[in-house]
Each structure stands twice: as structure tokens, then as C-alpha cells.
Protein chains: 2
Amino acid sequence: MQVTEITPRARAAARILAGSARQLKDAALVSMAQALLANTDAVLGANRLDVERARQSGTPEAMIDRLSLSAERIAGMAKGLRDLAALADPVGQVVRGWDLPNGVHVDQRRVPFGVVGIIYEARPNVTADAAGICLKSGNATLLRGSSSALESNRAVVTALRCGLEDAGLPSDAVNLVEGGHETTQQMMAARGQIDVLIPRGGAGLIRTVVEDSQVPVIETGTGNCHLFVDASADRALALRVILNAKTQRPSVCNALETLLVHRQIAASFLPAAVDALREAGVTVHGDEASVAMDERIVPAGEHEYEAEYLSLDLACRVVDDLDAAVAHIRRYSTGHSETIITNDLASQRRFTSEVDAAAVLVNTSSRFVDGGEFGFGAEIGISTQKLHARGPMGLTEMTTTKYVLTGEGQVRA
Amino acid sequence: MQVTEITPRARAAARILAGSARQLKDAALVSMAQALLANTDAVLGANRLDVERARQSGTPEAMIDRLSLSAERIAGMAKGLRDLAALADPVGQVVRGWDLPNGVHVDQRRVPFGVVGIIYEARPNVTADAAGICLKSGNATLLRGSSSALESNRAVVTALRCGLEDAGLPSDAVNLVEGGHETTQQMMAARGQIDVLIPRGGAGLIRTVVEDSQVPVIETGTGNCHLFVDASADRALALRVILNAKTQRPSVCNALETLLVHRQIAASFLPAAVDALREAGVTVHGDEASVAMDERIVPAGEHEYEAEYLSLDLACRVVDDLDAAVAHIRRYSTGHSETIITNDLASQRRFTSEVDAAAVLVNTSSRFVDGGEFGFGAEIGISTQKLHARGPMGLTEMTTTKYVLTGEGQVRA
């Protein structure tokens, strides 16, 4: 089906969802989980076709692993849907309310966006995840997954739609968009039909959507994250945090990419850091000053500060002071998560105030910038933009608000 | 100066503003007001040039009135700036804060956007207004006014910049963008340099910015507002609200444009409404059913339901029931303010739930959907979009948030 055929059906479903009480949505999530489990064999069979095609076209093993489903992973997807049912419903919450001087009562209420478009890459578990988060927040979805996961996504969406119908909600609340790049274009042009687009994936995908979409976009995810070791830092603490931020899961957006070290402590701190990092399998790339302090550091060009490695590589630079650290971050940051390790109150205040990012951390790991760690219970992505939501986005961030004014005939003088 | 030359200076100023305490910003607002008053003659002289040129090019009187400044209007602009100094500062407010289970403390704080671009039409008082609201919320501005108000805007901005410098804040916090349509294009392309664009003006301007901008946009203003008179309505109350919403100030976005009347009461209600509306100078345009009930109603085509009249004209339609009213609104609404007049609880519940707009009103006038009436003290516009802010936007809506995480070396397991 064309995007233009799907959107009116999704909008009709969204209207029903917007008026559905929490218990109905929760029952649907449980029913979707059951349907997914009941169709495990069908989903695994479909997934085998995707994996086979990927192997034949020479896809790297890491990508194949992300694409591959197992009975366990499907059970995990089902559990994710059940967990959503247990979370509070943001819809209907009154954000604030007050009386105008003339007695008109004003309520600002949370309401769903309506229709949410998600454009994402290989992992088929995102399909169930995103559909579930949108459903719980009262939104219908258009899911535009990667063509490499098409068979898997078809099987997952078929199961989810069965679950919705069993629970008495319209199956058009969850829609898979099939087809080539022209379907992404159609989604980006569907202003007024799709209320918001969320791209999830690599930097290239996100840039395309952000630049070309006429539908409002929530930009997620690219994280060129920095950590600045101030002269006053507790060095053992700094090493612990650096190792965690870089190696606990290097492939994600809140992992550390560049280490900035205050010149005053660099000569002694850097070799200790390189010891620990190398032991953890990390290659350190640095500027001339850092290479001069430790020859195990690989010389790095300017451009390495722009890279989001997402691997066991770390860029490193010696900086003169906090100002130089902030200036470096200002130049290369993608506005995700930026860290200072310090024991100095003035440095802490200045860094948290002057660094412009979704999250600024003091003496702790950027790996905590995550919806799960924040206690949101669910996360659709991490926004690196300034409008609407900034940082981890949970159910609340998948809603907008509506003012409701109630009077007894008051008019404006 | 080119936009590309202005933005780095504005960004540098924005960094200073973001770290400026409220008292400094308030002193600057007062100083800007003083400078504006002290330069009344210069501003009036510049304005005369604009008005003369407008007259020569045959501009309609209504537009000339909007363009014209007087000593009184300048005093009003100065008072607006002083009033802003008295309002609470949203920057630094903690929206929420909590401890993670491991003791890391999380604060979500309000921070300025950074650099805000305003693209607006004729009225030069917007120049002082927008600059003041942005300054109070810690943002630097690029003001791209109409070329027809260029001399006036230059004189106003020169005064405001003097006021800023006198108060010890950088004059680059407020910048006038001069030049033709290419400057609007440059602003829309300045992704990463301008944090948000707000178009203020006619539907054409807003559409262009929304469709072409790579910088995130907050869409404001077009209001094709409806009022539905339910069968259960108090008729005297309905008439009072209709007259107020249509005639109290017909040229603004929260004025009434289309009246929908429940068929059950239309034959008796419509003639009474037309009596009152005609007496107030309003021409009523209606569908066949309404013309059949009152021949003073001018026959209207479908397209009249799409028009935002902004004049003493009102479209009218007889609808079968609440469902038909909601369906009409769904089709023609611009998502601004939609009203029901009813005494029936079920109708009230359904209308407020099913109508998708920034504001939904029950038994009161849509003219109250306004930052001033809401008690915000200042308004940069009324957002009709769903992302970030929806409805009247005051100082709070001119900020984003930042998460600050503070720990003592906690790492993720």
C-alpha cells in the first residue's frame, strides 16, 4: 500500500486511540505480546529469509547479528510490550490548570500527537518496541523499517495487528510501510497526515530526514560525546568513568568518543589512562601534545575529532584549561552528552552552564543518559535537538498538549 | 551584513546571555526602553520615510496604519520592555529532578534556545517586542522584518542595541537582518547557527518557512476558528459568545470564522443570530440549508469554509449533529481554537476530546486564547503545531531544557 493510502486509515485509528481509556490500550499491549509469542515460528521463518539474503549479499556479521531473531529475542519483544502495559499513561494528565480572572477555567492536558512515523534501520525488534510505545501514548504509527528486514517486519506487524484486533482496537493503529526510498520521501512530504517523524539509525539517515522533511521531525541519536578531565579531578574516579563510558557498550550514542585532558595533569594522567584503555582493548588517537606524552597514542588529525567512532577507539586531546575544553566541545559536539570530571566547584558550575547539550554530567558516566536508566520505563530514542523534547524520550515525550477552556458565557472586553 | 556574518556574533552574544543573571537582563530591558524613548524623534523620522514610500506605492490604508508609529506607540513599545523586566525568569527553573537508584542526581533545567530567528511582516512594534521577549528568555535574535518597515526597524534596533551596551550586555544580542528574500533563505538554511525560527505574519509567509526551512520552526498563527452551537445550547449565551468572538477584533487569529449550527435548533436560532450579526456589521455566508432558513445569508461555496476571513464576514453551516460538526472542523480547522456552546455534558466531553486543536473552548470566547489573557505577561505568538509548544507562547515556551547529572564516580553495570 502507498503511504497516501495508509495515512487516512492510520488517522482514523489514531482518533479511536486518542479516545481509548488506559485499560483498553493496556489490554491491547498484552494481546499484542501474546500474538507475537503465538506467531514465533512464523516470525522466525520470515527472519531466516532476511538473514539468508543478507548473507548472500555479503553483509558483515555484526549487522547480521543485529538482524537475527531467536525465540529468546521474540520473547524479549513480547516482554517489552507487557512492561509498557504496566507504565502510567501520560494521556489525560493535566500539566497545569488555573482560573482566568473572569472565572474561565483553563486546563492544559496531555494528548497524543496522532500519527507518528518512525524511519529506522536493520533491527526488527524496533518494530515491536516503537509500535508499543506509540500505542501506549495513544498514537498510531507508520513503521518504515529497512528493506533488509522486510520479511521479519512483515511477520511482526502481522502478529501485532492480530493482537490489536483481538483486543478490540483497530489494526490500522500499527502499519508497516513497504517499498523503496520513495516511501521515505512520501512520509517526509505527508504534512498534516503524519504529525511527527522520528528517524532512528545512522547519521546519514537522520541528516536526510532532518533536512528534507516537511513533517516536523524529532532528531535523535548521534552522539559525539566528550569527557574533560579537569586539573582538580580525582584521577582514579576519572579512569573508572572513562573506561565505563568508552567500553561498557561502545556502539551506542551515549558512549564516550573524545577525551580532553587539562594540560596541568596530562603528562602524568595520560600514560595511566592509556594503560587502562589499552588493557580494555581501546586504541587511543591523539594530537601532537598527547603523542609527545605517550608514544602509544596514535597520531590523530583534526577530522578524528568529528568522528563518532562507535568502536573501541577514543580520540584524545590535551587542552590548556576549561575554556579550551568548552571551546573544543562547542566545535565538535553533537549536543548529546558531555562530561566533566572535577573536584572544583567553579569548574563544575561553569561547565554545566556553558556546555550546550541534552545532558551534561559531573563525575559520572554518560552511559546513564538513557530512558531506562532515567526510570522512564520505555525509550523511543534520545533527542539531540532543542524543540519539544531534549534527551531521553519516554511516553510523556510522545504526547503534545491541548488547552481546554471552560466558561459560562464569558466574553472578552 | 550577511546572515552568515551575523550568526557567529549572535551565537557569541547568546552564550553571554545564557550565563547572565536575571537582574542583568532586567536592567538591560529597562535600558533598552530608555534608549527607545530617548530616540523617539529618530525613530519617528525613519518611520515617516517608510510610510511615505508605502503611500507612494499605493499601499492600502489599513496596512499604512499598521506600519505607522507615533510617540504614543513608541512609548507603548518601551512600556512593553519594562513590563518584561517585571516577569519571572524561566531560565534556571528546575522542571523536575530526582535521584537515580545509584545516587546520581538528575536535574532537568530550563535553558535558552540560543539564537532565535523571527521572520515577520509590516508592524515595527514587533521588533521591540520580539527582541525583548527573546532577551528576557536568554536568547539572541535575528530579526528579519518587512522591507516596507526597514527604516523604522533600523532606527528601533539601533536604539535597542545602544540600550544593551549601556547595560553591559553585547549589542549583538539583537540583530536586524536586512536585504531581500535571499536573507530569508539564508536564515532557513542556517541549521546549527540559528536554533529555532518563528515566522509571524500571513499564511503564505508561514507556509514558506514551514516547508523550506532546515532550521527547526515553530509554526504560529493561522486560525480558521469554528464555533458549534449544540442543540442543548443556551441561545442568549451562544449569541453573546459568537458576537464577541467574531467582532471584538476581527483581524486576529483567534477570531471566529465559521459558525456551525445543530439542525435541530437552526431554523429558530439562525435568524436571531443573523439579526445580531448584521447589526454588528457582519456579513453571513452560508450553505443552502442556512440560506433556506434566512434569506439574508449570502450563498457560500465550499471554499468559503477554507478562508480565514480576518474581517467582518462569517461562514455558516447547518450540521446534522455533533459528529458532523467535528467532521467539518477536522476537515477545515487550522488547529488553533475551536468552540462548542452546549449544556450537555456528553457533548462537552466528546467535543473537547475529539477536536484536535491548540485550544478547545466550552461556552466561552476564543478571543481568550492569548498569552496576555492567559496571564503569561508576554506572547511571542500562538503555536498551531504539536511539537514543543502548542497554543500561546510566553517566556517559558522560548526555552528548552538540559539534563544535569551529578555523581561521585558512579558507572553503569
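Where an unreviewed UniProt entry is consulted, chain A appears under the name Gamma-glutamyl phosphate reductase, with the organism given as Propionibacterium cyclohexanicum. Entered under Sequence similarities (unreviewed entry) in the UniProt record, the comment concerning chain A runs "Belongs to the gamma-glutamyl phosphate reductase family." Heading Pathway (unreviewed entry) of the UniProt record for chain A holds this comment: "Amino-acid biosynthesis; L-proline biosynthesis; L-glutamate 5-semialdehyde from L-glutamate: step 2/2."

Trainee: Got a minute to help me understand the domain arrangement of chain A in this structure?
Mentor: Where the parts come together, the accessible area they lose is often given as the size of the interface. Partitioning chain A into domains gives domain 1 (3–220) and domain 2 (225–368). For domain 1 of chain A and domain 2 of chain A, the distance between their C-alpha centres works out to 36 Å.

Trainee: What exactly am I supposed to notice about the relation of the copies chain A and chain B here?
Mentor: In this structure, two copies of a chain are linked by a rotation about an axis accompanied by a shift along it. Once turned by 180° and shifted 0.0 Å along the axis, chain A lies on chain B with an RMSD of 0.0 Å. What the superposition gives is, in effect, a two-fold axis relating one chain to the other. Closest approach to the rotation axis within chain A is made by the C-alpha atom of His388 of chain A, at a distance of 1.7 Å. Taken as a fraction of all interface residues of chain A, those also at the interface in chain B reach 100%, which identifies the copy contact as same-surface.

Trainee: What is the right way to look at the environment of Asn39 of chain A in this model?
Mentor: With respect to the secondary-structure elements, Asn39 of chain A resides in the loop between helix H2 (22–38) and helix H3 (40–56). Put simply, Asn39 of chain A and Val252 of chain A are 213 residues apart on the chain and 30 Å apart in space, counted from C-alpha to C-alpha.

Trainee: Teacher, can you tell me more about empty space enclosed by the protein here?
Mentor: Empty space among the atoms becomes visible once a probe the size of a water molecule is rolled across them. According to the stated counting rule, one finds 1 cavity of 30 Å³ or more in the structure shown. Approximately 300 Å³ is the volume found for the largest cavity. Lining the largest cavity are 20 residues, with Pro216 and Val217 of chain A together with Val215, Pro216 and Val217 of chain B sitting closest to its centre. Taken together, the residues of the lining of the largest cavity break down into 10 nonpolar, 6 polar and 4 charged.

Trainee: Just to check I follow, could you spell out the pattern of salt bridges for this structure?
Mentor: Once their charged atoms are close, side chains differing in charge can pair, the charge on each being opposite to the other. In total, this model carries 56 salt bridges over all chains according to the counting rule given. Salt-bridge contacts for Arg390 of chain A lead to Asp356 of chain A; the nearest nitrogen and oxygen are separated by 3.0 Å. Pair noted here: Arg390 of chain A is in the loop between strand E14 (381–383) and strand E15 (391–393) and Asp356 of chain A is in the loop between helix H14 (345–354) and strand E13 (359–362), with a separation of 34 residues, a long-range link. With relative accessibility at 4%, the residue Arg390 of chain A sits in the buried group. In this structure, Lys246 of chain B and Glu257 of chain B form a salt bridge, with 3.2 Å as the shortest nitrogen-oxygen distance. Of this pair, Lys246 of chain B sits in helix H10 (residues 235–247) while Glu257 of chain B sits in strand E8 (residues 256–262); the two residues are 11 residues apart in sequence, bridging distant segments of the chain.

Trainee: Hey, could you run me through the state of the cysteines in this one?
Mentor: Think of a disulfide as a covalent bridge from one cysteine sulfur atom to another cysteine sulfur atom. Tallied over the entire structure, the rule returns 0 disulfides over all chains. With no disulfide partner, Cys316 of chain A has as its closest neighbouring cysteine sulfur the one in Cys225 of chain A, 17 Å distant. Note on Cys316 of chain A: relative accessible area 0%, which makes it buried. Cysteine Cys162 of chain B remains unbridged, with the sulfur of Cys134 of chain B as its closest cysteine sulfur at 20 Å.

Trainee: Whenever I open this one, the interface of chain A and chain B confuses me. Can you help?
Mentor: If you look at the interface, chain A gives 69 residues, while chain B gives 69 residues. Approximately 5800 Å² of surface area, both sides summed, lies buried where chain A meets chain B, with 52% of it carried by carbon and sulfur atoms. At the junction of chain A and chain B, the tally comes to 10 salt bridges. Where chain A packs against chain B, one counts 47 residue pairs in polar contact (both at pLDDT 80 or more). The greatest single-element share of the side of chain A that touches chain B, amounting to 7 residues, is contributed by strand E16 (residues 399–406) of chain A. Broken down by class, the residue content of the side of chain A that touches chain B amounts to 31 nonpolar, 19 polar and 19 charged.

Trainee: When you look at the sheet that holds strand E4 (residues 140–144) of chain B in this model, what are you seeing that I'm missing?
Mentor: Adjacent strands of a sheet pair through backbone hydrogen bonds, lying either parallel or antiparallel. Residue and element names in this part refer to chain B. Judged by pairing direction, the sheet is parallel, and its 4 strands sit side by side in the order E5-E4-E3-E6 without closing on themselves. Since the sheet does not close on itself, it has two edges, and those belong to strand E5 (174–176) and strand E6 (196–200), each with one partner. When strand polarity is set aside, the average angle formed by the axes of neighbouring strands in this sheet is 20°. Here strand E3 (residues 115–120) runs beside E4; their pairing, made up of 5 bridges, is parallel. Counted as the bridge partner of Ile119 is Arg144 from E4. Running over the sheet, helix H1 (residues 3–18) touches E3, E4 and E5 and is turned about 145° from E4.

Trainee: Explain the environment of Gly407 of chain B here, please?
Mentor: With respect to the helices, strands and loops of the structure, Gly407 of chain B is situated in the segment after strand E16 (399–406). Once residues lying within four places of it in the same chain are set aside, the contact partners of Gly407 of chain B are Val362, Asn363 and Thr364 of chain A together with Val104 of chain B.

Trainee: What is the right way to look at the packing of helix H2 (residues 22–38) of chain B against helix H6 (residues 125–136) of chain B in this model?
Mentor: Residue and element names in this part refer to chain B. At a minimum axis separation of 10 Å, H2 and H6 run at an interaxial angle of 165°. Between H2 and H6, the interaxial angle falls into the category roughly antiparallel. The handedness of the crossing between H2 and H6 comes out as right-handed. Judged by residue contacts, Arg22, Lys25, Asp26, Ala28, Leu29, Met32 and Leu36 of H2 engage Ala128, Gly132, Leu135 and Lys136 from H6. Across the contact of H2 with H6, the residue classes tally to 6 nonpolar, 1 polar and 4 charged.

The rules we used
Residues numbered from 1 in each chain as written. Chains lettered and ligands numbered in written order. Predicted model: local features only at pLDDT ≥ 70, side-chain atom pairs only at ≥ 80, totals over all residues. Heavy atoms only, no water. UniProt positions renumbered as here; feature names shortened; annotations may be inferred. Domains from an automatic or database assignment. Least-squares fit on C-alpha atoms with pLDDT ≥ 70 in both. Contact = heavy atoms within 4.5 Å. Helix = DSSP H or I, 4+ residues; strand = E, 2+ residues; numbered from the N terminus. 1 Å grid on protein atoms, 1.4 Å probe; cavity = no way out; pocket = protein on both sides within 12 Å on 5 of 7 lines; lining within 4 Å. Points joined across faces, edges and corners; volume = space filled by probe spheres on them. Nonpolar A, V, L, I, M, F, W, Y, C, P; charged D, E, K, R; others polar. Salt bridge = Lys/Arg side-chain N within 4 Å of Asp/Glu carboxyl O. Buried < 20%, exposed > 50% of the residue type's maximum accessible area, 1.4 Å probe, protein only. Disulfide = S-S within 2.5 Å. Buried area = accessible area lost by both parts, 1.4 Å probe. Polar contact = N/O pair within 3.5 Å; in protein donor to acceptor, adjacent residues only side chain to side chain. Pairing = 2+ DSSP bridges. Axes fitted to C-alpha atoms, helices over the stretch in contact; angles between N-to-C directions. Parallel < 35°, antiparallel > 145°, perpendicular 65-115°, else oblique. Left-handed = near helix turned anticlockwise from the far one by under 90°.

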